[in-house]
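Here is what each chain is made of, one letter per residue.
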Amino acid sequence: MSLATPTVILIALLSLLLVSPPSPPDLPAGSPSEENPDPPRDRAQEEEGIEIQGFVEGRYIVRFKQYKHGREHKLALEEQLGAKEKKGWKWIERNNAAAAYPTDFGVLQIHSDGLIDEIENLEFVKDVSAEARYSRALLFNKEIKNSNKNGCSDNAKKGPGKIFTRMSYEGGIDNNGTVNWGRKLFMQRSQITSMFGAEKLWGKGFTGSNIKMAIFDTGIRADHPHFRNIKERTNWTNEDTLNDNLGHGTFVAGVIASQDMQCLGFSPDSEIYAFRVFTDAQVSYTSWFLDAFNYAIATGMNVLNLSIGGPDYLDRPFVEKVWELTANKIIMVSAIGNDGPLYGTLNNPADQSDVIGVGGIDYSDHIASFSSRGMTTWEIPHGYGRIKPDVVAYGREIIGSKISTGCKSLSGTSVASPVVAGVVCLLASVIPENIRWDILNPASMKQALVEGAAKLGGPNMFEQGAGRVDLLESYEILIKYKPRASIFPNILDFTDCPYSWPFCRQPLYAGAMPVIFNATILNGMGVIGYVESEPRWHPFDEVGNLLSIHFTYSNVIWPWTGYLALHMQIKDEGAQFSGLIEGNITFTVVSPPAKGENNLRKSLCTLSLKLKVMPTPPRSQRILWDQFHSIRYPPGYIPRDSLDVKNDILDWHGDHPHTNFHGMFDMLRDAGYYVEILGSPFTCFQASKYGTLLLVDLEDEFFKEEIDKLQDDVKNHGLGLIVFADWYNVETMVKMKFFDDNTRSWWTPATGGANIPALNDLLKPFGIAFGDTILNGAFSLVGERSHYASGTDIAMFPEGGFVHRFSFEDNYNNSTAHNLLQAAGMVKAEYPILGILELRDRSTRIAVYGDSNCLDTSHMVINCYWLLRKLLDFTSQNIQDPMLFAPSSRLASPLVRDGAFPVRREDVNLSTYSSVINRELVCRNDARFEVLGANGYDSHATWRNRKLPGIPNIFLEQSPKGTKPSMPFDNTSVSSNSNEGMSNVFPSLESDLTDEKTKAITENEKTLFNPTMVDFELGQSQGLKKVDKQSLEIFFPQRNISVNISRRRHHTKMDLLGWLNRDELDIPMLVAVQWLAPVILCITGFILGLSFWRVRQKRRRRGRKGTDD
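Note on numbering: residues in each chain are counted from 1, in written sequence order. Reporting in this predicted model follows two pLDDT cut-offs: at least 70 for local features of residues, and 80 or more for side-chain atom pairs to be given and counted; totals over whole chains, interfaces and linings ignore these cut-offs and use all residues. Values reported for side chains reflect all heavy atoms of the structure, with hydrogen atoms and water molecules removed beforehand.

Trainee: Is there a simple way to explain helix α17 (residues 471-479) in this structure?
Mentor: An α-helical turn contains 3.6 residues, so any two residues separated by three or four positions project in the same direction. Working definition: with a 1.4 Å probe on protein chains only, accessible area under 20% of the residue-type maximum means buried, over 50% means exposed, and in between means partly exposed. In DSSP terms, a helix is any run of H or I states spanning at least four residues, a strand is any run of E spanning at least two, and both are numbered starting from the N terminus. Turning to α17, its buried residues are Leu 471, Ser 474, Tyr 475, Ile 477 and Leu 478. An end-on view of α17 places all buried positions within 165° of arc, on one side of the element. A 3.5 Å cut-off defines polar contacts: any pair of N or O atoms within that distance qualifies, except that in protein one atom must be a possible hydrogen donor and the other a possible acceptor, and neighbouring residues in sequence count only when both atoms are side-chain atoms. Its side-chain oxygen 3.3 Å from the backbone nitrogen of Leu 472, Asp 470 forms the N-cap of α17. What the arc describes is the spread of directions from the helix axis to the C-beta atoms.

So, in C-alpha cells, the structure goes:
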C-alpha cells in the first residue's frame, strides 16, 4: 500500500464525520418503518385474510374459567365487548374434531392493545396469552454431515418463540457425526423389541390390546400395511390432509405398534389414534395442541407420545394443559431433547414431573451424544433442579416403519420416546381390564419404570435418570403393585460416583452454604395428596446429629407428583469431623379414598442418605459462586453469550456450575477448590469464610446494600473478587430485535450477554469499568492459546493495576468510519481485556476478564480454565504468576477510555425478570439457616436454632449416648404464596408455573385452571373425568376447599417451659424467647437472694440485741 493511501483514507473519514449525519440503526427484516409499517404475515394469516395494522396486533389465546361450547364463549364475549366488527376483535373459528366438545379457550384476532386488558378483566376469562407457533427441523443425512459435536446443525436457525428441537436423525451416527453403516446393518438383524424381551410378554398373551395410544406427530396413512388397529386419524393443522408426508409420525407409530416382522413394534394390538399436529413444513400452533389435548381427554386416551420439546417451560397454556391431561390419567411420554451433550438442555414437557421424560442411549449402554442432560432449570437461580430424564432407552439407529411400506432407521430421543411409549402400552395391557385404570396412572407407571430400570455404570443421574428401561423388571413390579407413594430417587449416596455427580465430588463441611437436593414425590394413590407431617431425619448413629436439615416440599401433590427439597448443612461442632453420616428421611403421603373405600390412603416414603463429611477447608480453598444475579431464558429474551453461534439465539442452559459450567466445576474440584452456590444477595454471606467471590456472566442488577457490602468485604475483609463479563452493546441489541410471528409480538433483548452497566456500578468503588465493544479473535497469553468470543474490553482501570492488551477486530462496530477502515484492512486494534489489581498491602485483590464463553461448555471454542486457576491463586492465596504480573503490564497512570461506558436501555423493562428491581432484599432458603428471611448478617442478631414461620425444618441437637435426640416437630406445610416458602426450589417470579400449580388448587380467586379445579374437579365437559368432591371433604376435614389449604401446626412433645422451645416463632417472639426468659430468671434470683439477705440481717440484729440484754 502506498504512503498516500492512509492520508486519503483519513481525509475521507474526516469528511464523512463532518458532513454525514448519524444514520439510524438498521432495522431487522420485517420491522415497522415508514416504508414497511406492517410486520410479516404467516401462512395462517394469509389463508384467513387477516390484515395486521400494527405490530401490537396479532392472534391471542383467551382461556376461560369454565368448559363450554365455543359458540357460548363467543356469545359471552360479544355481550361484554360489543359487535366484534366495531370493537377490533375477531373470533377465529376452529373447525376440527374438538369442535363438538366443550372447550376452555378461544382464539381471537385482536387489533387493540387496550382491548387485551379489557378482555383479561372479564369475570369469566382466566387469562390472555399470545398464540405461539411451533416449528421443528428433521435432520437427514445431508444435514448430519454439517452437524457439530453438540448435535446441532451449523446452518440451523432457531425459530423464535417456543423452541422445538430436532426430532430425529436418519441413519446411524457415531459420536463424531459420521454415519455408521456397519452397526445399522447389525441392527437390521436385531429387533428393538428383542432387546427388551418383549417376546416373553407376547408369549403370555399380552400385546397391548384395548390400550388407546395417542400419537401427536405428523400423521399416518390409513391403509398402512404395518398397522392392524388404526382407530382414528385427526388433523389439527391448517392443511387439508390426514396423511403423513414427512414420515416421522409413521415411524413413531411403527416403533410402538408395527406388526411387520422387519420392524416390529412393542404393542401391535394397541389402538392407534394419530393426531396430526404438525404441517408438512413442521409448523404448529399452541391452539392446535390445546384443541388436540382437549380431544384426547374427552375421548379417553390412555397413553400419549409427544416426541417434541423445547426450553419454554413458561408457556402457560401449553404447560397447564399438560397438567390437566395427566390429571385425567393420561400417561404422557415425551422426548427429553436432542441438545446433548450439553447440560441444562432438558426440553419441556419432558422436564415436568408428571410426564415420563426419556433420554437416549446407544447399544453399548452409553448416553447418546445428542441426548439432552439435566438438571431441570425451572428452579434456578434460587434453588436446585430435579433429576431428569426419568429413564433412558435405545435411541440410536432404531428400526421403524416408512411412510408407505418398508423399514428404515432413525436416531434421536424422539425415537427413544416411542420405545418407552410402546413399553408403557405393553405393560398396561398386563393389568386385568376390570381393575386396570384403578391401578394405572401417570405416577404408578413411572414408579414401575424407574424402580425397574437398570442403573448404568458410567453416566451420572442427570444423564440417565433411573437408568435403562427394563421391561421385564417393570412387569414384575406392576403385577404385584398396590397403590402407594414413593420418592425418586430414593437414595442419595455421596460415595456413589459418578452416578451421584455432582454431590459425590464435594463433601459437606461445617460453615458452608446449604447443599440442596431436590427429589420428586410420586403419588400412585391418587391425583391429589399432601405430606401429612413434617419429614423427619433418622440418623443411624449419634454422628448423624451433626447434620441439620431444612425441608421444603409441595403444599399439595398434584397432579400425581410433588417435590421434596433437602437443605443440608453441618453444624459448627462438626467443623473437624471427617467421615460418613448415614440415615433415613421419612414422611407420610395421604390421598383421598378411592371409590368404594372409606379410609384415607396413606403411604410411608423413605429417602436414604449417605453423606461424606470433611473438616472445614481453609478460607483460601473456598469459592463462592454468585447464582443470584443470573437471568436466563425463559421468561425473557436473554441473548446468547457468543454472537458467533447462529443456531441458538437464547441463553437457556441455566448458567449454573452443575449445568453449562460443569466442566469448570470439575476442574476446580480437581484443583482442590471447594465451590459453594450463593442464591441470595451479597448481604447473606460472611466474607471472612471465603477466599474468592466468583461473578460469571451475570445479567441482573445489584442492590445498593450489595454494592456497599462488597466494597467493604474486598477492601477491609480480604475477600478476593473475580469477574468474567460478556458483551453489552445497545446498538447490537437493537438490531437483534425482531417480530416473532410465534407470539405475535416484538422480541428485544432484555440485556446483553452480561449486564455491563450493573457490573460497572458494582466495580465503580474500585475504579474499574467494562466497555461496549464486541471483540472476537485468537490470542496467546502465558504460553496458552486462547479465544475471545464476543467479549468486551476494559474501559477503566486504576493506576498500578496490571492490564493485558491484545489485537482484535470489533466486528459489530458498523459505523461508516469503521467500514472504511475494514475495507482498507486497518480495523484491528489493541484492546485491554484482562485486568488484575492489588491494593492496600496486598489485602485487596481483584481480577476482571471480558469474556465468559471460555468457561461455558455451551459454545466453548477453547477453555480458559488455566487462566481461572491462576487468577484464583492470586485472589485466594496471593500467588502471583510472573507473566501476569510482568512490569510491562503495569499501568503508570489510570486507564480511561472516553465515551466507552455502556448505558442501560430505557426501552426495556428488566424488572419483569429481575430478582432485584422492585424486590425486597432478603436471604432466601438457599442461604445459611441463621439468616433465613432476614436482610443479611448485619441486619439482626442470629440464633442457633432459629426457624421462621412457614419454613419447616429440623435441627437435631447432639444428644448423650443412649438417649433419644430431642426433635422439635412441626408439620407446617410450606405456603406457595410465600417467597420464603417456595423460593428454595422455585424462582420467585410471578410467572413461575410451579408456584401457579399450587395456587391453582389453593386459591380460588387466583386459580390458573378452570374454576372447577378449585373443587378438585377436572372439568365439567363431556368425557372429562372428575375427582369425587365428597371424598376430598373427608380428605381435608378442616379446610375450606374452595378457598385455601391452611397451615397446620402440631407439636408432639412439650418439655419444661416448652413454649419457650418451639421451633417456629415470629421474630418478636424470638426476642422474648431468647432474652426475656433469662432476664426473668435473673430478676427472680436477685429478689430471692435479697430476701435471704434481709432475713439474715434481721436475725443478726436480734442476736446482737439479746447479747446487749
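Trainee: In this structure, what is going on with a positive patch on the surface? I would like to understand it.
Mentor: Side chains of Arg 1094, Lys 1098, Arg 1099, Arg 1101 and Arg 1102 sit close together on the surface and give a patch of like positive charge. Considering the arrangement of structural elements, one finds Lys 1098 in helix α27 (residues 1067-1108). The patch calculation keeps residues exceeding 30% relative accessible area without a salt bridge and links them within 9 Å when they carry like charges or within 5 Å when they are nonpolar (Val, Leu, Ile, Met, Phe, Trp, Tyr). In this description, accessible areas are obtained by the Shrake-Rupley approach with a 1.4 Å probe, and a residue is regarded as covered only by the protein chains that are shown. Here, a salt bridge means any side-chain nitrogen of Lys or Arg that lies within 4 Å of a carboxyl oxygen of Asp or Glu. In this count, Lys and Arg are taken as positive residues and Asp and Glu as negative ones, while His and the chain termini are left out. By convention, the point assigned to a charge is CZ for Arg, NZ for Lys, CD for Glu and CG for Asp.

Trainee: What am I meant to see in the state of the cysteines here?
Mentor: Note on terminology: a disulfide is the covalent bond linking the sulfur atoms of two cysteines. Cysteine sulfur atoms are paired as a disulfide whenever they fall within 2.5 Å. Overall, the coordinates contain four disulfides when judged by the stated rule. In this model Cys 854 forms its disulfide with Cys 864; the gap between the sulfur atoms is 2.0 Å. Residues Cys 854 and Cys 864 are joined by a disulfide whose S-S torsion is about 55°; by sign, that bridge is right-handed. In this pair, Cys 854 sits in the loop between β38 (844-849) and α23 (865-877) while Cys 864 sits in the loop between β38 and α23, placing the two residues 10 residues apart along the sequence. Residue Cys 864 is classed as buried on the basis of its relative accessible area of 2%. Taken in N- to C-terminal order, the disulfide-linked cysteines of the protein chain are connected 1-2, 3-4, 5-8, 6-7.

Trainee: So what exactly am I meant to see when it comes to the packing of helix α11 (residues 286-298) against helix α12 (residues 316-327) here?
Mentor: How two helices pack is summed up by the angle between their axes together with the distance between the axes. Note on geometry: axes are C-alpha line fits, over the in-contact stretch for helices, and angles between N-to-C directions span 0 to 180 degrees. Contact geometry of α11 with α12 gives a least axis separation of 10 Å together with a crossing angle of 10°. Taken together, the axes of α11 and α12 are roughly parallel relative to one another. Contacts from Thr 286, Phe 289, Leu 290, Phe 293, Asn 294, Ala 296 and Ile 297 of α11 reach α12 at Pro 317, Phe 318, Lys 321, Val 322, Glu 324 and Leu 325. When grouped by side-chain class, the residues that make up the contact of α11 with α12 number nine nonpolar, two polar and two charged. An angle below 35 degrees is read as roughly parallel, one above 145 as roughly antiparallel, one from 65 to 115 as roughly perpendicular, and any other as oblique. Only heavy atoms enter the contact rule, under which two residues are in contact if any of them lie within 4.5 Å. Put simply, Ala, Val, Leu, Ile, Met, Phe, Trp, Tyr, Cys and Pro go in the nonpolar bin, Asp, Glu, Lys and Arg in the charged bin, and everything else, Gly too, in the polar bin.

Trainee: What is the right way to read unusual backbone geometry from this model?
Mentor: Across the chain, the bulk of peptide bonds are trans and the bulk of non-glycine residues have phi less than zero. Pro 489 follows Phe 488 through a cis peptide bond whose omega is -5°. Among the secondary structure elements, Pro 489 is positioned in the loop between β17 (485-488) and β18 (491-493). Pro 559 follows Trp 558 through a cis peptide bond whose omega is -15°. Positionally, Pro 559 belongs in the loop between β22 (547-553) and β23 (561-570). With a phi angle near 65°, Gln 282 is a residue other than glycine that sits in the positive phi range. Structurally, Gln 282 can be placed in the loop between β9 (271-276) and β10 (283-285).

Trainee: Looking at this model, I keep getting lost on a nonpolar patch on the surface. Mind explaining?
Mentor: A contiguous nonpolar patch, built from Ile 1083, Phe 1086, Ile 1087, Leu 1090 and Trp 1093 and spanning about 540 Å² of accessible area, is present on the exposed surface. Locating Ile 1087 in the fold gives a position in helix α27.

Trainee: When you look at α11 in this model, what are you seeing that I'm missing?
Mentor: One less than the residue count of a helix, multiplied by 1.5 Å, gives the span that helix is expected to have. For α11, which comprises 13 residues, the first-to-last C-alpha distance of 18 Å matches the rise-based estimate of 18 Å (1.5 Å per residue) to within 8%. Among the 13 residues in α11, 13 count as buried, and that is most of the element. Backbone geometry just after α11 places Gly 300 at a positive phi near 70°.

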